[in-house]
Amino acid sequence: ARHGVGIRPAYHFLPAKNWQNDPNGPMYHNGVYHLFYQYNPLGATWGAGNLSWGHSISRDLVNWAALDTALDPTAPFDNNGCWSGSATILPGSIPALMYTGRIDAGKEVQVQNVAFPKNPADPLLREWVKPAYNPVIPLPADVPGDNFRDPTTAWVGRDGLWRIAVAAKVGGPNGIASTLIYRSKDFRHWKRNALPLYTSRAAGMVECPDLFPVAEPGVEEGRLGYASGPASGAVRHVLKLSVMNTTQDYYAVGRYDDVVDTFVPEVDAERNADDCRTWRRFDYGHVYASKSFFDSSKNRRVLWAWANESDSQDNDIARGWSGVQTVPRKVWLDEDGKQVRQWPIEEIETLRSKRVVGLLGAQVNAGGVNKIIGVGAQADVEAIFEIPSLEEAETFQPNWLLDPQKLCEENGASVPGRVGPFGLLVMASSNMQEHTAIFFRVFRHNQKYKVLMCTDLTRSTGRDNMYKPSYGGFVDIDIEQQGRTISLRTLIDHSVVESFGGGGRTCITARVYPEHAENKNSHVFVFNNGTGLVKVSKLEAWRLAMASVNVVHGHFSLK
Ligand code: FRU
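What this report covers is the structure whose coordinates are included nearby. (Residues numbered from 1 in each chain as written. Predicted model: local features only at pLDDT ≥ 70, side-chain atom pairs only at ≥ 80, totals over all residues. Heavy atoms only, no water.)

To continue, consider the pattern of salt bridges. One pass over the full model with this rule turns up 42 salt bridges. Between Arg163 and Asp159 there is a salt bridge whose closest N-O contact spans 2.8 Å. Owing to a relative accessible area of 44%, Asp159 belongs among the partly exposed residues under this scheme. In this structure, Asp268 and Arg280 form a salt bridge, with 3.0 Å as the shortest nitrogen-oxygen distance. Of this pair, Asp268 sits in the loop between β18 (262–265) and β19 (288–295) while Arg280 sits in the loop between β18 and β19, and the two are 12 residues apart along the sequence. For the pair Asp268 and Arg280, one class covers both residues: buried. Connected through salt bridges with shared partners, the residues Glu349, Arg352, Arg355, Asp380, Glu382, Arg489, Lys538 and Glu540 form a single ionic network. (Salt bridge = Lys/Arg side-chain N within 4 Å of Asp/Glu carboxyl O. Buried < 20%, exposed > 50% of the residue type's maximum accessible area, 1.4 Å probe, protein only. Helix = DSSP H or I, 4+ residues; strand = E, 2+ residues; numbered from the N terminus.)

Below, the structure is given as structure tokens:
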């Protein structure tokens, strides 16, 4: 039963079969969305040397049609793998893909290549050609062979030159994690800038950089953006880096200087600008190698991230697939100017079918559990909790600041508290033996309150020897200013539990493998395991329909 269809997501992006990792080259071009991804056509495991770019297209970012792979490791400059990269739309509406070619030259060498549509008039851009003049950026002399990869989308500076950023370790085997800038007039001849965009001595190798402008409150996102011209219109930018040795993505809001091409992070006192592992995270669960693009059709930035499996490799192989993308998320700068917020793109709501209204205005007393009937394993749940009992909150210890995950590990959903834990139990079996808990705890901190959000997987499956962590992040809001309320939205998709706390300020994505998933009896409950009263001021849940994701269901067409 464990290998059955019960855990295959119904609306998260994944190929029909085989291995997927990083999202690559997302773009909107001539009315069609394209998503490429790291894909192993030979099976459900990674296989460094086999990686191709899978390619899918969509009109709504929800329903996807699979095309043939766009890039395969067939050329002398990529014969050992077509690794991650990005898309840029050049003048004349010509898209270009920049990607890392991995060359087997006795030892591993990584270079950057470019590819163009074979026929730019093909509305689906089915075939891609790699010019023979590749690589456009060879391995620099001061970078060890296997540490040079993942070019970003390009942007134009005030001097009219293109720029891209590439991750590299500079200066020998113990070199410095760097994000290098290359400039070009023609997208073919690239020259390295003397200064890196950013370096982090402590971080080891970083991967998959993403740099994007963010609009100050009141400024329209569409006026920024690499898609529509120079990035200099933005006052501030976000830099995201994927850190190999923690396998987590970190971001900071900061100032990008488009003359010298450097990024200066602006971080809170408890974080360290020079150590990107102390920055904020797009997701406090387990996702990696995120990538965003500017969606010019809706003037918004959209982000995806790879959520890998945490079941055994044997089970991945038995199922024939491995790895999903988060739902596409709209990303924007919060009014506080310090953090970004993320929210599932509105198109996800087209999947909402049966609406189940649960506990409007109900109270959940200490130890209380209330069941919301009939939601199932494919659902969208939105809740607002009101906390009249705030004054009862326990005192926060300052040394907890940088390790919210540890706080969640030590204080799971079953550990009683004062204000919290309260929240949702999802993917719960009828007898509640299996469930995943998403909850909040509130602490008193410097005359204010500090909100912790956790996703606790310790009871997520009855299976032994599974990875069942507790994930955690703080929700950076002033809960009193929010009318003593906090919101939670959770998207449930068989083996994905993707949660957005505090209006998308803190996101936690988890992969779960419940045994009961093979039958259809998955439930959602509201719970409160704190002594303080919690009111449910809003709770709405929808069953979600299955999307067409790279396999044909019903009548999906691109028309
Ligand atoms: C990140 C990464 C990238 C690389 C790709 C290879 O997950 O390691 O740095 O380009 O995956 O699949």
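Before going further, it helps to spend a moment on the sheet that holds strand β17 (residues 248–257). Taken together, four strands build an open sheet; the order of strands is β15-β16-β17-β18 and the sheet is antiparallel. Edge strands, defined here as strands with exactly one partner in the open sheet, are β15 (206–214) and β18. Between one strand axis and the next, the sheet turns by 40° as a mean value, whatever way the strands run. Two strands pair when backbone bridges link them, and β17 and β18 are joined in this way by four bridges, in the antiparallel orientation. Looking at the pairing, Gly254 lines up with Pro265 of β18. (Pairing = 2+ DSSP bridges. Axes fitted to C-alpha atoms, helices over the stretch in contact; angles between N-to-C directions.)

What follows deals with the environment of Gly54. Tracing the backbone through its elements, the reader meets Gly54 in strand β3 (residues 52–58). Using a relative accessible area of 2% as the deciding quantity, one classes Gly54 as buried. Considered as a pair, Gly54 and Gly172 are 118 residues apart in the sequence and their alpha carbons are 33 Å apart. Each residue touching Gly54, except ones within four places of it in the same chain, is listed here: Leu35, Phe36, Tyr37, Tyr39 and Thr69. (Contact = heavy atoms within 4.5 Å.)

Formed by 53 residues in total, the largest nonpolar core has its most connected members in Phe385, Phe422, Leu424, Phe440 and Ile486. Structurally, this core is a two-domain feature, drawing no fewer than three residues from each of domain 1 (5–344) and domain 2 (352–544). The residues contacting Ile486, other than those within four sequence positions of it, are Ala383, Ile384, Phe385, Ile387, Phe422, Phe440, Val451, Val475, Ile477, Ile479 and Gly502. Residues Tyr39, Trp64, Val327 and Val549 belong to the second largest nonpolar core, which totals 23 residues. (Core = buried A, V, L, I, M, F, W, Y, C linked by side-chain atoms within 4.5 Å. Domains from an automatic or database assignment.)

Take it as geometry only, folks, not as evidence of what the structure does.
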